[in-house]
Every structure is written in C-alpha cells, then in structure tokens.
Amino acid sequence: MTTKHEQILTYIEALEVGSKISVRQIAKAMEVSEGTAYRAIKDAEARGIVSTIERVGTVRIEKQQKKNIERLTFAEVVNIVEGTVLGGRAGLHKTLSKFVIGAMKIDAMLKYVDVDSLLIVGNRETVHKASLEHGAAVLITGGFDTSDEVKELADALALPLISSAYDTFTIATLINRAIDDRLIKKEILLVEDLVNRDKAEPVSLHLGDTVGDWHRMVEQTGHTRFPVIDRDGKVHGIITSKDVAAVAGDQLLERVMTKSPRTVTGRTSVASAAHTMIWEGIELLPVVEHRKLVGVISRQDVLRALQYNQNQPQGQTIQDLILSGFEEAREERSVRLSGVVTPIMTNQLGSINPGVLMTLINEAGESAIRRLKNSDMVVENVTVYFLKPIQIESQVSVVATVIDIGRKFGKVDVEIYSGHDLMGKALLTAQVLER
C-alpha cells in the first residue's frame, strides 16, 4: 500500500514538464493537508524534478542526468543570478547547452548563438529579439527591462527572457561556479548512482519463505545473501549462508534471519555506506526509499565505484585549492607535505584556519597509510593537539608517520612544523577498505 507522500510524488512526476504547482493546488488535488503537500514538494525538489523560482513559483522540470551534469536548466539559472522572468516562463524547464556573452556586433554574435543556448547581453532590444528568433534564451544584465514585443515573442517561443541586476562578468562567474559545483557533486558518489532503478525488482525473499526457498534462490542467482521483505516491500531482515547452516529446509526464514538490518537510502554517500559496511562487518546493504526495498549494494559494488570514480572529471574543491600549493615527499613509513600558508588559508587573525590544518593532516595521514596499504579508506578519528598558532606566509611541514597498521585499520602520528619549530601534533586512525 502506497503512502500519501508517495502518491503525491507520483502525481508530480506525471505532470507535464513546465507545469506550475503549489502547496494549495497539490493539497486540493490529492485531498491531503498543506503540510503533507509541502513536504512532498520539498522531496520532489531534492530529487531534481521540480524547481522553486522566486517571483515565479514552483515548476515541474526534467530531471538532470549525470551525463548532463555540466548543464543547467533555465529555472536554475534564474535562481543563480537572482533574476526576474520577463517572459517565456513555459520554457524554464529547458536545459541550456551553453551561454554566450553578447559583447560584439550583432552579426558576429549570432554566429555563436545556437538553439537552447543563453545569450547574456545588456540593454540591446534588437539583440534580444534576434537571439530569440535563433532559438536562444536571453539574460539581460544590469537590471534592464525590454519591450513588450520582445516579451510576447519570448512567450510565443517558450524561450525564457530573464533580467538580472548583476553585471555580465558577475553573471558569467556565477553560472560557471554553479557548473563547477555540479562537477564536485558528481565526484561525491551516492548510493543511487550504483542502483539501477530501471532494472527489474531487486532479488529478495519474503517473510513466509523457508530455508528451502533460500536454497532454490541460491541455485537460480548464484548469490547467498538476500534481503527479506513483507508484502508491501518493507525490509525486515537479511538472510545469509551463515544463518541457514544446519537448519531444516522447512524452517521459516524469519526465525533464523538477522532482523532489523542496517539500510541506506539512495542519497547516502558511497563513502558513508563503505564506512558502515566496514564498521559493522556487513557484506550487503539494502537500499530503501520510504522504507521499501529498491535495490541492494555489496561491498564489491562500493569498492568498484570508489576506484572508478577516481578517474572521472572533477571540479576544483577547497581541498584541491589547499593542496595545490603543497609538495609531497615520501619515505618508507612516512609522508611530508610542505608549503606556505597563503592568505586564503588563514582566519581573521592571520593564522592558519583549523579546517585547513585538518585537511593537511587528513591528506598526509591517508597518504602515509596508502604507502603501505594500496586501498581506499575512511578516516575514523583525528585527535589534534595545537601548540602554537601558525601565521600567514609561514613555511609549514606536516609529517605523517604510520605507527600501527593492520588488515582493516591504520594509525598515524602527525607532527606539524613551522620552520624547525614543532607547532602541533595529531593522532589519526582510519578504516581500510579491503579490495
């Protein structure tokens, strides 16, 4: 039986792309409270199927796929540049293929304007009209308006006509930053990236099944671990070969299974799932949505995903900015990171930011463990002892030495120097992901 929340999400997904929705409208159509409607709309926004735009409202949009991670919908652009929609609202769900800055003569400019691109230009009505006629949306800088004729053309062609108070440079920077943020999010693998929901229902057993049913499922699939669900798809347990060893074939699974197992959702990060699997000694994690089974991930799935993701295109993170100025030197059981404290790495007092120092400690510690265990890992705990503040433009060295290493863990002693002076120490422990 589906919940009201699920029914509302199904209703929203069935709406035509570009449709406007509201809490009151959903509450009336689905005969639910406005609170229930509001929570469902927020969930739909988190899933990327609706977008809320100031002074426009909430609009059904086409969900962005990973392969188009470098693109944005026009609805998202409106939010990014804090813009006002002057026309073409019906096209806000569309995805822009590129943006063009209109700082040249109109004939030269239009050579670069393609269908579904975005032209960023100032108060030039002739250009606004020509861009729309070429199939491109228009973003007017400086907060300027345009003629009613241009607005009517935008409405007729369903091409967004947007005005923003920002200048051209700021708008281009904001859009580029949004694209870079998406690339960073792409780097952060989520469980939903591993679960193909287009496939048939995940293989599972039911509460009424027996150990004999488990044996038959093993023969059919070649797997030995299965989630156990009820008629509504809710996960109640996990059954493995250890649970059924020396158990009669007519014994019910619910009597021998591991009850109330750990589960994850599609929005759980793969790193977090890996940590759970190692910490709990779990080989299989059910993936649930609204408490219902939608898939499973194994430890091997997680390891393959983490290894594959290392080779994917990435945006530049704060960590990248910090580490770009540091050189790494390696010895048998230790790693040294050396660099200078730049202004971007300091706090308001001119000393190194604690978050920056923690990044350097983590990087040095993980690199030292990786020298001995060529595996992915999850930092479990860091205990830091600050001795002296490290000032701007100081030469800093972070030396990480492995003091204990095992099959599933590593311990590292970290020392922080400014010149030849010891400024701080830390003890880092990490869980190692076996290959």
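For the structure itself, consult the block above.
This text gives an overview of the structure that appears in the document.

The rules behind the values
Residues numbered from 1 in each chain as written. Predicted model: local features only at pLDDT ≥ 70, side-chain atom pairs only at ≥ 80, totals over all residues. Heavy atoms only, no water. Helix = DSSP H or I, 4+ residues; strand = E, 2+ residues; numbered from the N terminus. Buried < 20%, exposed > 50% of the residue type's maximum accessible area, 1.4 Å probe, protein only. Contact = heavy atoms within 4.5 Å. Areas by Shrake-Rupley, 256 points an atom, 1.4 Å probe, with all protein chains shown as cover. Pairing = 2+ DSSP bridges. Axes fitted to C-alpha atoms, helices over the stretch in contact; angles between N-to-C directions. Parallel < 35°, antiparallel > 145°, perpendicular 65-115°, else oblique. Left-handed = near helix turned anticlockwise from the far one by under 90°. Salt bridge = Lys/Arg side-chain N within 4 Å of Asp/Glu carboxyl O. Expected span 1.5 Å × (residues − 1). Polar contact = N/O pair within 3.5 Å; in protein donor to acceptor, adjacent residues only side chain to side chain. Core = buried A, V, L, I, M, F, W, Y, C linked by side-chain atoms within 4.5 Å. Nonpolar A, V, L, I, M, F, W, Y, C, P; charged D, E, K, R; others polar.

1. Comments concerning the overall build of the protein
Looking only at helices and strands, the protein features 14 helices and 22 strands. Counting all 435 residues of the protein, 45% fall into the buried class. Put simply, 55% of the contacts in the protein that link residues at least 6 apart link residues at least 24 apart. Counting every atom, the protein has about 22900 Å² of accessible surface; 49% of that belongs to carbon and sulfur.

2. A word on the sheet that holds strand β12 (residues 226–229)
On the basis of which strands lie adjacent, the open sheet formed by four strands has the order β11-β12-β13-β14 and mixed pairing. Looking along the sheet, the strands with just one partner apiece sit at the ends: β11 (205–206) and β14 (258–259). Of the strand pairs in this sheet, β12 and strand β13 (residues 235–239) are connected by four bridges, and their pairing is antiparallel. Directly across from phenylalanine 226, in β13, lies its bridge partner isoleucine 239. The strands touched by helix α9 (residues 211–221) are β11, β12 and β13; relative to β12, the strand with the most contacts, the crossing angle is about 135°.

3. Let's talk about the packing of helix α6 (residues 125–133) against helix α7 (residues 148–157)
Two numbers describe how α6 lies on α7: the axes approach to 10 Å, and their chain directions differ by 15°. Considering their axes alone, α6 and α7 lie roughly parallel with respect to each other. α7 is crossed by α6, and the crossing has left-handed handedness. Here Glu125, His128, Lys129, Leu132 and Glu133 of α6 lie close against α7, whose contacting residues are Glu149, Val150, Leu153, Ala154 and Leu157.

4. Quick look at the pattern of salt bridges
Counted under the stated rule, the structure contains eleven salt bridges. Where arginine 267 meets glutamate 192, a salt bridge forms, and the shortest distance between an N and an O atom there is 2.8 Å. In this pair, arginine 267 sits in the loop between β14 and α11 (270–280) while glutamate 192 sits in the loop between α8 (168–187) and β11, placing the two residues 75 residues apart along the sequence. A relative accessible area of 53% means that arginine 267 is categorised as exposed.

5. Quick notes on helix α14 (residues 354–372)
Every α-helix carries 3.6 residues per turn, so stepping three or four residues along brings you back to the same face. If you check α14, its first and last C-alpha atoms are 28 Å apart, about what 19 residues at 1.5 Å a residue would give, namely 27 Å. When we look at burial in α14, the residues that qualify are Val356, Leu357, Thr359, Leu360, Ile361, Ala364, Gly365, Glu366, Ser367, Ala368 and Ile369. Capping the start of α14 is the job of one residue whose side-chain oxygen sits 2.8 Å from the backbone nitrogen of glycine 355: asparagine 353.

6. Considering the side chain of serine 351
Structurally, the position occupied by serine 351 is in the loop between β18 (334–340) and α14. Given the relative accessible area of 10%, serine 351 is considered buried. If we skip the residues at most four places from it in the chain, serine 351 touches Met345, Thr346, Pro389, Ile390 and Gln391.

7. Observations regarding the nonpolar core
Ile352, Leu360, Ile369 and Val398 are the most contacted members of the largest nonpolar core, which totals 29 residues. Elements supplying a minimum of two residues to this core: α13 (318–323), β18, α14, β20 (395–405), β21 (409–418) and β22 (421–432). Top contributing element to this core by residue count: α14, with seven residues. When near neighbours in sequence (up to four residues on either side) are disregarded, leucine 360 contacts Ile322, Leu323, Phe326, Leu337, Ile352 and Val398.

8. A short note on the sheet that holds β22
Strand order in this open sheet of six strands is β17-β18-β20-β21-β22-β19, and the pairing throughout is antiparallel. The strands lining the two open edges of the sheet, one partner per strand, are β17 (326–330) and β19 (377–386). Direction aside, neighbouring strands of the sheet carry axes that sit 20° apart on average. Here seven bridges tie β18 to β20, and the two strands are oriented antiparallel to one another. Within β20, the position partnered with serine 334 by the bridge is threonine 401. The sheet contacts of α14 involve β17, β18, β19, β20, β21 and β22, and relative to β19 the element is tilted by about 130°.

9. Here's the deal with unusual backbone geometry
Within the chain, alanine 158 stands out as a residue other than glycine whose phi angle is a positive 55°. Structurally, the position occupied by alanine 158 is in the loop between α7 and β10 (161–163). Judged by relative accessible area, alanine 158 falls into the buried class, the value being 18%. Phi at arginine 291 is positive, roughly 70°, even though this residue is not glycine. Here arginine 291 lies in the loop between β15 (284–289) and β16 (292–298).

10. With respect to the pairing of β13
Burial analysis of β13 places four of its five residues in the buried class, the great majority of the element. One ladder, built from two bridges, connects β13 with β14; its direction is antiparallel. Bridging from a neighbouring strand, glycine 237 pairs with lysine 259 of β14.

11. Here's the deal with the packing of helix α1 (residues 4–14) against helix α3 (residues 34–46)
The N-to-C vectors of α1 and α3 enclose an angle of 55°; their axes lie 9 Å apart at closest approach. It follows that α1 is oblique to α3 by the angle criterion. Relative to α3, the crossing made by α1 is right-handed. Counting all contacts with α1, which are made through His5, Ile8, Leu9 and Ile12, the residues of α3 involved are Thr36, Ala37, Arg39, Ala40, Ile41, Asp43 and Ala44. For the contact of α1 with α3, the residue count by class is seven nonpolar, two polar and two charged.

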